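# Remarks on the overall topology
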Amino acid sequence: MTAPPRATHPDRALAVLCTGLFLIGLDVTVMNVALPSLQSDLHPGPQGPLWMADAYTLALACCVLAAGVWSDTHGRRRAFILGLALCGTASAGGGLASGTGQVVVARLAMSCGAALLMPSTFSLITVVFPDPSPRRRAVAVWTFVAGLGALAGPVIGGLLVEHYGWRAGFWINVPVVVVALVATGRWVPESRHPRPGPPDRAGMGAVTCGLGIPQPRSRARRSQE
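The following refers to the structure shown.

Definitions and cut-offs
Residues numbered from 1 in each chain as written. Predicted model: local features only at pLDDT ≥ 70, side-chain atom pairs only at ≥ 80, totals over all residues. Heavy atoms only, no water. Helix = DSSP H or I, 4+ residues; strand = E, 2+ residues; numbered from the N terminus. Expected span 1.5 Å × (residues − 1). Bend = angle between axes of the 7 residues up to and from the residue. Buried < 20%, exposed > 50% of the residue type's maximum accessible area, 1.4 Å probe, protein only. Contact = heavy atoms within 4.5 Å. Salt bridge = Lys/Arg side-chain N within 4 Å of Asp/Glu carboxyl O. Phe/Tyr/Trp six-rings, centres within 6.5 Å; stacked < 30°, edge-to-face > 60°. Axes fitted to C-alpha atoms, helices over the stretch in contact; angles between N-to-C directions. Parallel < 35°, antiparallel > 145°, perpendicular 65-115°, else oblique. Nonpolar A, V, L, I, M, F, W, Y, C, P; charged D, E, K, R; others polar. Arc of directions from axis to C-beta.

Its 33 residues place the ends of helix α5 (residues 132-164) 45 Å apart at the C-alpha level, agreeing with the 48 Å of an ideal helix rising 1.5 Å per residue. When the local axis directions of α5 are compared, the greatest deviation, roughly 40 degrees, occurs at A152, which is followed within four positions by the proline P154. For α5, the set of buried residues is A138, W142, V145, G149, A152, G153, G157, L160 and V161. Elements that come into contact with the buried residues of α5 comprise α1 (10-42), α4 (100-128) and α6 (168-171). At the exit of α5 stands G165, carrying a positive phi of roughly 95 degrees.

Below is the structure:
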């Protein structure tokens with residue numbers, strides 16, 4: 001069995017992987033700040049703001065398990081690159097949106113990209129840092145960045161919305177994604193599971209339904225309050 005290639009610059013690879021993770025935390029929370037400005041501009045219906053706020057986390061929770069299996073089978077760097085590209089493209093679509101439905105679709109697509117990013121970043125860390133001690137440090141940094149993205153979202157989102165409008169909450173991702181894609185090609189090695197087993201489609205379907213089905217009822221209750 002061939003050993004996975006080692007990263008020539010592991011710290012740079014970690015910075016790239018953490019950039020993708022930071023985008024996830026940022027995108028989860030930035031819409032909460034941009035929502036009032038977006039409502040005054042697009043005038044969505046009663047359910048529109050709830051979908052715009054919740055679509056990202058809903059799809060992320062539903063897709064992350066299947067995305068992790070796909071990345072182990074087809075390549076973790078490939079999944080990371082695909083997730084970045086999907087996030088960047090969907091962010092550009094959200095920045096150009098002219099209606100509530102387009103914003104919701106953009107947020108759903110962004111979350112599908114995030115579902116590819118999240119498991120692949122952690123799996124790639126184990127490849128970039130095969131030794132236990134550096135790996136523990138890398139995981140600590142990874143965990144810190146995950147929380148930092150969520151905390152920074154309202155701050156960055158507030159500044160962007162105040163000075164540039166709600167569309168800036170989408171456009172901010174595009175240059176970051178472009179830089180991360182170039183850096184991934186240079187510093188992040190490819191890896192995949194050496195013997196991927198058959199996917200547990202029934203289990204993934206049960207998890208997806210279990211996470212997704214309660215959400216419409218929750219939104220309905222919130223809209224009635």
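Further notes follow.
Bringing the pattern of salt bridges into the picture now. Pairs can form between side chains of opposite charge once their charged atoms are near each other. Throughout the structure, instances matching the rule amount to two salt bridges. Across the salt bridge formed by D11 and R137, the nearest N and O atoms sit 3.1 Å from each other. Taken together, the residues span a long stretch of sequence, with D11 in helix α1 and R137 in helix α5 at a distance of 126 residues. In this structure, the salt-bridge partner of R76 is D72, at a minimum N-O distance of 3.0 Å. Residue class for D72 comes out partly exposed when judged on its relative accessible area of 24%.

Let us now look at the environment of G113. Of note, G113 is situated in helix α4. Taking relative accessible area as the criterion, G113 reaches 0% and is therefore assigned buried.

So, on to the packing of aromatic side chains. A complete count under the given rule lists two aromatic pairs for this structure. Their ring planes at 80 degrees and their centres at 6.2 Å tell us that W166 and F170 sit as a pair that is edge-to-face. Overall, W166 belongs to the buried group, its relative accessible area being 4%.

Where α1 contacts helix α2 (residues 48-74), the two axes come as close as 9 Å, and the packing angle between them is 170 degrees. Regarding the angle of α1 to α2, the classification is roughly antiparallel. Residues I24, D27, V28, M31, N32, L35, L38 and Q39 of α1 form the contact with α2, whose participating residues are P49, M52, A53, Y56, T57 and L60. Its residues assigned to classes, the contact of α1 with α2 comprises 10 nonpolar, three polar and one charged.

Let us now look at unusual backbone geometry. Positive phi, normally seen in glycine, also occurs at H43, with a value near 55 degrees. Summarising the element assignment, H43 is placed in the loop between α1 and α2.

With that settled, consider the environment of A67. Mapping A67 onto the fold places it in helix α2. A67 sits in the buried class, given a relative accessible area of 7%. With 49 residues separating them in the primary sequence, A67 and L116 have C-alpha atoms 5.2 Å apart. Apart from residues lying up to four places away in sequence, A67 is in contact with A115, L116 and P119.

Taking 1.5 Å of rise per residue, the 15 residues of helix α7 (residues 173-187) would be expected to cover 21 Å, and the 20 Å separating its terminal C-alpha atoms lies within 8% of that figure. Buried within α7 are the following residues: N173, V177, A180, A183, T184 and W187. Across the axial projection of α7, the buried residues extend over an arc of 135 degrees, all falling on one side. Residues of α7 that are exposed and point more than 90 degrees away from the buried face comprise V179, V182 and R186. Looking at the buried residues of α7, the elements they touch are α1, α3 (76-95), α4 and α6.

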